[in-house]
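Fold and contact review
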Amino acid sequence: MGDEAQGTGLPASTEAVWGVRARPPKGPRPGLSLQRIVDAGVLVASSEGIEAVSMSRVAKQLGSAPMALYRYVRAKDELLALMTDAAYGPPPELDPEEGWRPNLSTWAWAHMAALRRHPWVLRIRAGGLPTLPNQVGWMEQALSSLTGTRLPEAQKLSVMILLNGFVRTAGQLAAEMDSASQAAGSTEHEAMADYGRTLGKLAGPDRFPALNAVLSAGVLEQQDSPDNEFVFGLERILDGIEVLIREL
């Protein structure tokens, strides 16, 4: 099972999650499966952090010997990729009648929700282009949202990549802000207000006039929704895509 799948050059576990390869006929004890291994990895990451995930820790979670896991997953990096795919889950259901903009907005919000549920995903280095079923499904949904437009196929892909990058960056920032505020024992609003006061002491108006204009306006003191920046960025991206579509 640890060998690459014949004819694809992909890990056998990738074929297994696509449903084109069964589990090993012998070796692991009955009841152990690729799905159970991935679920156990997700549980460890969610409860203890991604740093705690190892083949031995996941085996312990399953009450199994570490070597038994290697019959299904050949390395930790492979397991992390499978965990990421599981964390995203299936893509959201979209309605073609709604039009491309509402559907891409739904896609982006669902993507952000997945990252908020499993922020450890953002700590995993991408090992290559997506080949696992859930992530490929997310790609398909974003691309199909643009079917009714006159965008060339290459630009549809570019739109998907742009939106995906924005959501991941926003998710990363949100996770870092949440981590920093928790470490400081404060809310995100309190952390931002403290940051503004610190900048006010360090960055004088003669050297940083534009920044001080923001600070003087009390922007960092304002209590607002944690979604405000995400809404602003998403809507501006969609505005730009709308201009592009309209000009074709």
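Predicted model only: the values in this text are computed from it and were never measured. (Residues numbered from 1 in each chain as written. Predicted model: local features only at pLDDT ≥ 70, side-chain atom pairs only at ≥ 80, totals over all residues. Heavy atoms only, no water.)

1. Topic: the packing of helix H2 (residues 34-48) against helix H5 (residues 76-88)
Viewed as axis vectors pointing N to C, H2 and H5 meet at an angle of 80°, and their least axial separation amounts to 9 Å. Relative to H5, H2 is oriented roughly perpendicular. Counting all contacts with H2, which are made through Leu34, Ile37, Val38, Gly41, Val42 and Ala45, the residues of H5 involved are Leu79, Leu82, Met83 and Ala86. Tallied by class, the residues present in the contact of H2 with H5 amount to 9 nonpolar, 1 polar and no charged. (Axes fitted to C-alpha atoms, helices over the stretch in contact; angles between N-to-C directions. Helix = DSSP H or I, 4+ residues; strand = E, 2+ residues; numbered from the N terminus. Parallel < 35°, antiparallel > 145°, perpendicular 65-115°, else oblique. Contact = heavy atoms within 4.5 Å. Nonpolar A, V, L, I, M, F, W, Y, C, P; charged D, E, K, R; others polar.)

2. Topic: the packing of aromatic side chains
Taken as a whole, this structure holds 4 aromatic pairs when the rule is applied. Following the ring pairs from residue to residue traces out a cluster consisting of Tyr88, Trp107 and Trp138. When the ring centre of Phe232 is taken as origin, the NZ or CZ atom of Arg236, which lies over that ring, is 5.2 Å away. (Phe/Tyr/Trp six-rings, centres within 6.5 Å; stacked < 30°, edge-to-face > 60°. Lys NZ or Arg CZ within 6 Å of the ring centre and 35° of its normal.)

3. Section: the pattern of salt bridges
The tally for this structure, following the rule as stated, stands at 12 salt bridges. Between Glu242 and Arg101 there is a salt bridge, with its nearest N and O atoms 2.6 Å apart. In this pair, Glu242 is assigned in helix H11 (residues 228-246) and Arg101 in helix H6 (residues 100-117), connecting sequence segments 141 residues apart. Taking the shortest distance from any N to any O, the salt bridge between Lys156 and Glu153 comes out at 3.0 Å. With Lys156 and Glu153 both in helix H8 (residues 153-184) and 3 residues apart, this pair spans about one turn of that helix. One salt-bridge network, held together by shared partners, links Arg101, Glu235, Arg236, Asp239, Glu242 and Arg246. (Salt bridge = Lys/Arg side-chain N within 4 Å of Asp/Glu carboxyl O.)

4. Considering the confidence of the model for the protein
In the predicted model, the protein carries a mean pLDDT of 90, and 93% of its residues have values of at least 70. The low-confidence segment residues 1-5 (pLDDT under 50) makes 24 contacts with residues lying over four places distant or belonging to another chain. (pLDDT = per-residue confidence, 0-100.)

5. Quick word on the nonpolar core
Counting residues in each nonpolar core, the largest one holds 54 residues, and the members touching the most others are Ile37, Val53, Leu79, Met83, Leu104 and Trp120. Broken down by secondary-structure element, the contributors of at least two residues to this core are H2, helix H3 (55-62), helix H4 (66-69), H5, H6, helix H7 (133-145), H8 and H11. If one sorts the elements of this core by residue count, H6 sits on top with 8 residues. (Core = buried A, V, L, I, M, F, W, Y, C linked by side-chain atoms within 4.5 Å. Buried < 20%, exposed > 50% of the residue type's maximum accessible area, 1.4 Å probe, protein only.)

6. Focus: the side chain of Ser145
Note that Ser145 resides in helix H7. Ser145 sits in the buried class, given a relative accessible area of 8%. Sequence-distant contacts of Ser145, that is, excluding residues within four places in its chain, are made with Leu94, Trp100, Asn103 and Leu104.

7. Topic: a nonpolar patch on the surface
Where nonpolar side chains cluster on the molecular surface, the patch consists of Val17, Trp18 and Val20 and spans about 270 Å² of accessible area. Mapping Val17 onto the fold places it in helix H1 (residues 12-17). Residue classification places Val17 among the partly exposed residues on the basis of a relative accessible area of 33%. (Patch = residues over 30% accessible without salt bridge, like charges linked within 9 Å, V, L, I, M, F, W, Y side chains within 5 Å. Areas by Shrake-Rupley, 256 points an atom, 1.4 Å probe, with all protein chains shown as cover.)

8. Looking at the side chain of Asn103
Mapped onto the elements, Asn103 comes out in helix H6. A polar atom in the side chain of Asn103 sits 3.2 Å from the backbone oxygen of Gly99. Once residues lying within four places of it in the same chain are set aside, the contact partners of Asn103 are Leu94, Asp95, Pro96, Glu98 and Ser145. (Polar contact = N/O pair within 3.5 Å; in protein donor to acceptor, adjacent residues only side chain to side chain.)

9. A few points about H6
Across its 18 residues, H6 extends 26 Å between first and last C-alpha, which sits within 8% of the 26 Å expected from 1.5 Å per residue. Each element contacted by the buried residues of H6 is listed here: H5, H7, H8 and H11. (Expected span 1.5 Å × (residues − 1).)

10. Things to note about the environment of Ala175
Here Ala175 lies in helix H8. Exposure remark for Ala175: the relative accessible area of 24% places this residue in the partly exposed category. Ignoring sequence-local partners within four residues, the contact set of Ala175 consists of Pro119 and Leu122.

11. What to know about H2
What sets the pattern is the α-helix's 3.6 residues per turn: residues three or four places apart point alike. Along its 15 residues, H2 runs 21 Å from first to last C-alpha, staying within 8% of the 21 Å computed at 1.5 Å per residue. Backbone geometry just after H2 places Gly49 at a positive phi near 100°.

12. Here we look at the environment of Leu163
As for its position among the elements, Leu163 is in helix H8. On a C-alpha basis, the gap between Leu163 and Ile237 in space is 7.7 Å, while along the polypeptide they are 74 residues apart. Sequence-distant contacts of Leu163, defined by excluding residues within four places in its chain, comprise Leu104, Trp107, Ala108, Leu234 and Ile237.

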